[in-house]
Amino acid sequence: KGNLLVGPMTRVMSPRSSPDGAALAFLTLVSGRSQVAVMKHTSGDWNVLTKRADAGSVFKVCWSRDGDRLFFDRVTDVPRGIFSVPPLGGEERAVLEDAQAPEALPDGSLLVVKRDAARNFQIHRFRPDSGALTPVGPALVAEGGTFTLRAFPDGKTALFWGRLAGSADSARRVYELDLGNGKAKPFAPQLPLAPPLAIAADGKSVLAFVTVGDLQQSIAVTPNGEQG
């Protein structure tokens, strides 16, 4: 899911388009480890940006909203945390330890995920300029090694997929999180949505997978459950 091919031999994972639409960031395997690469849409040329063979695989990547940096995470081996690298190449830089799933917001802050004292996942807003770190929303059961998180273009709302900690509801769902008040509610609760998640070009509907029996289909859906 979420994979495609660039050229005859390169598998692309977790693609993210740049804010100006001129480039595509993605993950690709290099010597058995997933690394960050960038491709120019006009030429099709692409380069691997993260080249450390002694560090863990990358799982999530996103663009800063101004397109000047790429943020990515490593959640296995060491060092664990969130890092940044220029899209034209250069040294990677540590941004935040023991965090994952970076998602950029318009004000320059990041949504990130850390584990709380009970080892649950907790979404935080992180400000790289000041180092301020603030929890947002409910805690979630840490049922896997990585976390799915997407922010809407306006920076007011985000989506995540998981199971709320302490809830009697045992199902994993897609939730809509109000970043202002921290309240979360199911997104299109009548549909069995699952990752990967992406915000559509209209900035309102969501691209997700829905499973019916043994079939899985990618659909666009609005918060009220209307399918595109």
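Before reading on, note that the structure itself is shown above.
Structure report, in brief. No experiment lies behind these values; they were computed from the predicted model shown. (Residues numbered from 1 in each chain as written. Predicted model: local features only at pLDDT ≥ 70, side-chain atom pairs only at ≥ 80, totals over all residues. Heavy atoms only, no water.)

1. Describing the overall build of the chain
Right, so step 1: A count of helical and extended segments in the chain gives zero helices and 20 strands.
Right, so step 2: Relative to the globule expectation of 17 Å for 228 residues, the C-alpha radius of gyration of the chain, 17 Å, shows essentially globular dimensions.
Right, so step 3: The dimensions of the chain, computed from C-alpha atoms along their principal axes, are 45 × 40 × 30 Å.
Right, so step 4: When burial is assessed residue by residue, the chain has 45% of its 228 residues classed as buried.
Right, so step 5: By element, 51% of the accessible surface of the chain is carried by carbon and sulfur atoms, the whole surface being about 11,600 Å².
Right, so step 6: Across the chain, 26 positive and 23 negative side-chain charges occur, with their mean positions spaced 3 Å apart. (Helix = DSSP H or I, 4+ residues; strand = E, 2+ residues; numbered from the N terminus. Rg over C-alpha atoms; globule rule 2.2 N^0.38 Å. Buried < 20%, exposed > 50% of the residue type's maximum accessible area, 1.4 Å probe, protein only. Areas by Shrake-Rupley, 256 points an atom, 1.4 Å probe, with all protein chains shown as cover. Lys, Arg positive; Asp, Glu negative; His and termini not counted. Charge placed at Lys NZ, Arg CZ, Asp CG, Glu CD.)

2. Side note on the pattern of salt bridges
Right, so step 1: Applying the stated criterion across every chain yields a total of nine salt bridges.
Right, so step 2: The partner of R74 in a salt bridge is E92, with the nearest N and O atoms 2.8 Å apart. Here the residue R74 occupies a position in strand β7 (residues 70-74), and E92 occupies one in the loop between β8 (81-85) and β9 (93-97), the gap between them amounting to 18 residues.
Right, so step 3: In this structure, E143 engages R172 in a salt bridge whose closest nitrogen and oxygen atoms are separated by 3.8 Å. Residue E143 is located in the loop between β13 (132-140) and β14 (148-151), and its partner R172 is located in the loop between β15 (157-162) and β16 (173-178); the two are separated by 29 residues in the primary sequence.
Right, so step 4: Judged by its relative accessible area of 41%, E143 falls in the partly exposed class. (Salt bridge = Lys/Arg side-chain N within 4 Å of Asp/Glu carboxyl O.)

3. So, the nonpolar core
Right, so step 1: Ranked by size, the top nonpolar core spans 17 residues in total, and within it L111, V113, I123, F147, L149, F160 and L179 carry the most contacts.
Right, so step 2: Of all elements in the fold, only β11 (110-115), β12 (121-127), β13, β14, β15 and β16 reach the threshold of two or more residues within this core. (Core = buried A, V, L, I, M, F, W, Y, C linked by side-chain atoms within 4.5 Å.)

4. As for the sheet that holds strand β18 (residues 193-199)
Right, so step 1: Here three strands make up an open sheet; going across it, the order is β18-β19-β20 and the pairing antiparallel. The sheet is open, and its two edges are formed by β18 and β20 (215-221), each paired on a single side. Across the sheet, the axes of successive neighbouring strands diverge by a mean angle of 25 degrees, strand direction being ignored.
Right, so step 2: In this structure, β18 lies alongside strand β19 (residues 206-212), joined through four bridges in antiparallel fashion. Each bridged residue has a counterpart across the sheet, and for I199 the counterpart in β19 is V206. (Pairing = 2+ DSSP bridges. Axes fitted to C-alpha atoms, helices over the stretch in contact; angles between N-to-C directions.)

5. A look at unusual backbone geometry
Right, so step 1: Put simply, P195 and P196 share a cis peptide bond, and its omega is 0 degrees.
Right, so step 2: Examined against the element boundaries, P196 turns out to sit in strand β18.
Right, so step 3: Although it is not a glycine, S31 sits at a positive phi angle of roughly 55 degrees.
Right, so step 4: On the secondary structure map, S31 appears in the loop between β3 (23-30) and β4 (33-40).
Right, so step 5: S31 gets classed as exposed once you look at its relative accessible area, which sits at 77%.
Right, so step 6: In the Ramachandran plot, A188 falls in the positive-phi region, its phi being about 45 degrees despite a non-glycine side chain.
Right, so step 7: Position of A188 relative to the elements: it lies in the loop between β17 (184-186) and β18.

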